[in-house]
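# A structural walkthrough
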Amino acid sequence: MFDKYDIIVVGAGHAGCEAAAAAANLGSKVLLITMNMETIAQMSCNPAMGGVAKGQIVREIDAMGGYSGIITDKTTLQFRMLNSSKGPAMWSPRAQNDRKRFAEEWRLALERTPNVDFWQDTATSLLIENNKVCGVRTSLGLKIRAEAVVLTNGTFLNGIIHVGEKKFGGGRTGEKSSTGITEQLVELGFEAGRMKTGTPPRVDGRSLDYSRMEEQWGDPGKGRFSYTNVVLPTKQKCCWITYTNSEVHETLKEGFEKSPMFTGRIKGLGPRYCPSIEDKINRFAERDRHQIFVEPEGWNTVEIYVNGFSTSLPEDVQYRALTKIPGFEKVKMFRPGYAIEYDFFPPTQLGLSLETKLISNLYFAGQINGTTGYEEAACQGFMAGINAHLKINKKAELILKRAESYIGVLIDDLVTKGTEEPYRMFTSRAEHRLLLRQDNADIRLSPIGHQLGLISDERLNKVNKKIENADHLVSYLKTTSIGPDAVNTILEEKGTPGITQNVKMFQLITRPQIGFQDIKKADPAFNDLIEKYDRETVEQAEIKVKYESYFEKELEIVDKMKRMEDHTINPEFNYRDLVSLSKEAREKLMKIKPRTLGQASRISGVSPSDISVLMVHMAR
């Protein structure tokens, strides 16, 4: 029934979809196995993509030839650039999406991708020969063979759903959990753990009083994630903001004695940065209110996602508490919130390619690695799909560095440091975030995507033209002077000192109060020049001018770190023989087996003196 595949991807969530698409577009014959063909790329929780640091990840995936940005743009209800009042390193795109349309577009994209086949079934175990994966066995008893396997099981591995005192098996509401794979991997020597996540109730939008809430519209204009020419929706949909209060909190507390979180029935660790509402009012007892985002699920549905009200309390307590929120007095609940526990595998058991250390050609991506969020999962799947293809074709693996992408930061963090709670990406995790902005993801990563074969010549030429045009604008500002008569009135209006003689325009732009729009008013020639270029090119040029000195300092730091990153270490090196290393360092280094001296320096428990010992030894 089945030919032998190059790669089997198990699970069709965000990680699985990106893995299948990437490997297939590189030329591998891919089988995507999913328990339910109707829930491919399901947005299990929030119907939104992007956010702080997550938006940068989506743009990076797109810059290299992945699909997440394209699908997001096609199905956007509302687009906002978060943190736009701060510096550009913090700017983070976020889109509210039509849940059903998002899943539909992902499935259509995969169906249009040559080399992708589908099979609706459950993978219950792996076929392994000589410590190498060679396929999967399914619940129907089928043995399907492949050169490599990518596991993207999400929350389905031995998943248990909790609502108050009730609990039942499930990967998400209405879908059964998956068993067998965890047990087999543990027998093979893998370490497994449990994590927990949750989701809020969904309610009937017709039952809400929006006049009691604050409107939250998206940004004017057409913001986008993808660098391609995706046709964007012509209109946006409104979201709303409301707040909990002391009455809501007291009602929620009535259910604490039945809360699986507080009674100990949930053993897995939940996400620190996306806590349940009961966790919020318990941990932050001094706060008398918490923000609730009221978000539509799509263009053609009345269903509303109650963002900020994730909970596993009994459904009657959830309902009574909701009715105390302004605007929710007559709320009708479609389905209650719940918590879900599931198996994960500490990611220190992986190499930087996301291939497991114990079994060759086996890759893990997504929540199986202890992450949370669609974006974190998608980028792992994208990289695992690429590396599985490269491995079976005997090509060098692709490892993105921390200084060139958020994706590189995420994977390095997971593999080097591990995680004891669901890992979420933040700008603060990236030490070189000034260089890893959402506006330059194409400049950083499209050449890599082009070299792989995922980015066309046309797209790369577009990136190169953007660089050329931005540099042209910067050069004009550096070489063109402007006098007091032309600009002093504008400077005074902006609250910055005037000039007494001609100065280069570049000097004026470096002032915090002055931007390109101000210089346009003062210099018609610059205005004409700007009108030739698109918004992203102009934005790129302005950022380069304002932060040039900071970029130079950051690049110097990157260059110093590069020396350590270029110091490769034999993965078979026996650290136990280096008695000068601390005992903890020997244990950690033997477990992680870092690829470079730089990676070794980031391992918890490996001190600077241990790194000095390694450097001396390597010099010899």
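The notes below deal with the structure included here. All figures in this text were calculated on a predicted structure; none of them were measured in a lab. (Residues numbered from 1 in each chain as written. Predicted model: local features only at pLDDT ≥ 70, side-chain atom pairs only at ≥ 80, totals over all residues. Heavy atoms only, no water.)

Turning next to the nonpolar core. I8, L151 and L362 are the most contacted members of the largest nonpolar core, which totals 94 residues. Ranked by residues supplied to this core, first place goes to helix α9 (residues 374-392) with 11 residues. When near neighbours in sequence (up to four residues on either side) are disregarded, I8 contacts L31, I33, G135, V136, I144, R145, A146, A148, V149 and V150. By size, the runner-up hydrophobic cluster in this structure holds 26 residues, among which are V474, I482, V487 and M505. (Core = buried A, V, L, I, M, F, W, Y, C linked by side-chain atoms within 4.5 Å. Buried < 20%, exposed > 50% of the residue type's maximum accessible area, 1.4 Å probe, protein only. Helix = DSSP H or I, 4+ residues; strand = E, 2+ residues; numbered from the N terminus. Contact = heavy atoms within 4.5 Å.)

Quick look at the layout of surface pockets now. There is about 890 Å³ of room inside the second largest pocket. The wall of the second largest pocket is formed by 37 residues, among which K401, R402, A403, E404 and V558 lie closest to the centre. Of the residues assigned to the lining of the second largest pocket, the class counts are 17 nonpolar, seven polar and 13 charged. (1 Å grid on protein atoms, 1.4 Å probe; cavity = no way out; pocket = protein on both sides within 12 Å on 5 of 7 lines; lining within 4 Å. Points joined across faces, edges and corners; volume = space filled by probe spheres on them. Nonpolar A, V, L, I, M, F, W, Y, C, P; charged D, E, K, R; others polar.)

For the rest of this paragraph, the subject is unusual backbone geometry. Notably, N115 is not glycine yet its phi reads approximately 85°, a positive angle. When you line up the elements, N115 lands in the loop between α4 (99-111) and β6 (116-120). A positive phi angle, near 55°, is found at N130, a position not held by glycine.

With that out of the way, let us pick up the packing of α9 against helix α10 (residues 406-417). Packing of α9 against α10 brings their axes to within 10 Å, and their N-to-C directions diverge by 90°. One finds that α9 runs roughly perpendicular with respect to α10. For the pair α9 and α10, the contacting residues are E376, C379, Q380 and M383 in the first and I407, L410, I411 and L414 in the second. Looking at side-chain class alone, the contact of α9 with α10 contains six nonpolar, one polar and one charged residues. (Axes fitted to C-alpha atoms, helices over the stretch in contact; angles between N-to-C directions. Parallel < 35°, antiparallel > 145°, perpendicular 65-115°, else oblique.)

Moving on to the sheet that holds strand β10 (residues 160-163). Strand order in this open sheet of four strands is β11-β10-β19-β12, and the pairing throughout is antiparallel. The open sheet has two edge strands, β11 (166-169) and β12 (193-199), and neither has a second partner. Neighbour-to-neighbour, the strand axes of this sheet turn through a mean angle of 25°, independent of strand direction. Across four bridges, β10 lies against β11 in antiparallel orientation. By the bridge assignment, I161 is partnered in β11 with F168. (Pairing = 2+ DSSP bridges.)

Here we come to the sheet that holds strand β3 (residues 48-50). The strands making up a sheet associate through backbone hydrogen bonding, with each pair oriented either parallel or antiparallel. Strand order in the open sheet made by the three strands is β3-β5-β4, with antiparallel pairing throughout. Looking at which strands have only one partner, the edges of the open sheet turn out to be β3 and β4 (76-82). Adjacent strand axes in the sheet meet at a mean angle of 15°, parallel and antiparallel pairs treated alike. Across six bridges, the pairing between β4 and strand β5 (residues 92-97) is antiparallel. What sits directly across from L82, in β5, is S92.

Inspection of the entire model under this criterion finds 11 aromatic pairs. Residues Y67 and W106 carry aromatic rings whose centres are separated by 5.7 Å and whose planes lie at 45° to one another, so their mutual orientation is tilted. With a gap of 39 residues between them, Y67 in the loop between α2 (54-64) and α3 (68-74) and W106 in helix α4 connect regions that are remote in the sequence. According to the relative accessible area criterion, W106 is buried, its value standing at 0%. The interplanar angle of 75° and the centroid separation of 4.8 Å between the aromatic rings of F573 and Y575 together place this pair among those described as edge-to-face. Judged by relative accessible area, which is 24%, F573 ranks as partly exposed. Taken together, the ring pairs connect F190, F345 and F364 into an aromatic cluster. In this structure, R59 is placed above the aromatic ring of Y227, and the distance from its NZ or CZ to the ring centre is 4.1 Å. (Phe/Tyr/Trp six-rings, centres within 6.5 Å; stacked < 30°, edge-to-face > 60°. Lys NZ or Arg CZ within 6 Å of the ring centre and 35° of its normal.)

The next point concerns the pairing of strand β8 (residues 132-138). Of all seven residues in β8, five are buried, a share of seventy percent or more. Taking the residues that link successive antiparallel strands as the turn, the strand β7 (residues 123-129)-β8 hairpin has two residues, and the phi of N130 there is positive, at about 55°. Relative to strand β9 (residues 143-151), β8 runs antiparallel, the two being bridged by three bridges. Each bridged residue has a counterpart across the sheet, and for R137 the counterpart in β9 is K143. Hairpin geometry of β8 and β9 is characterised by an intervening segment of four residues between the two adjacent antiparallel strands and by a positive phi of about 85° at G141.

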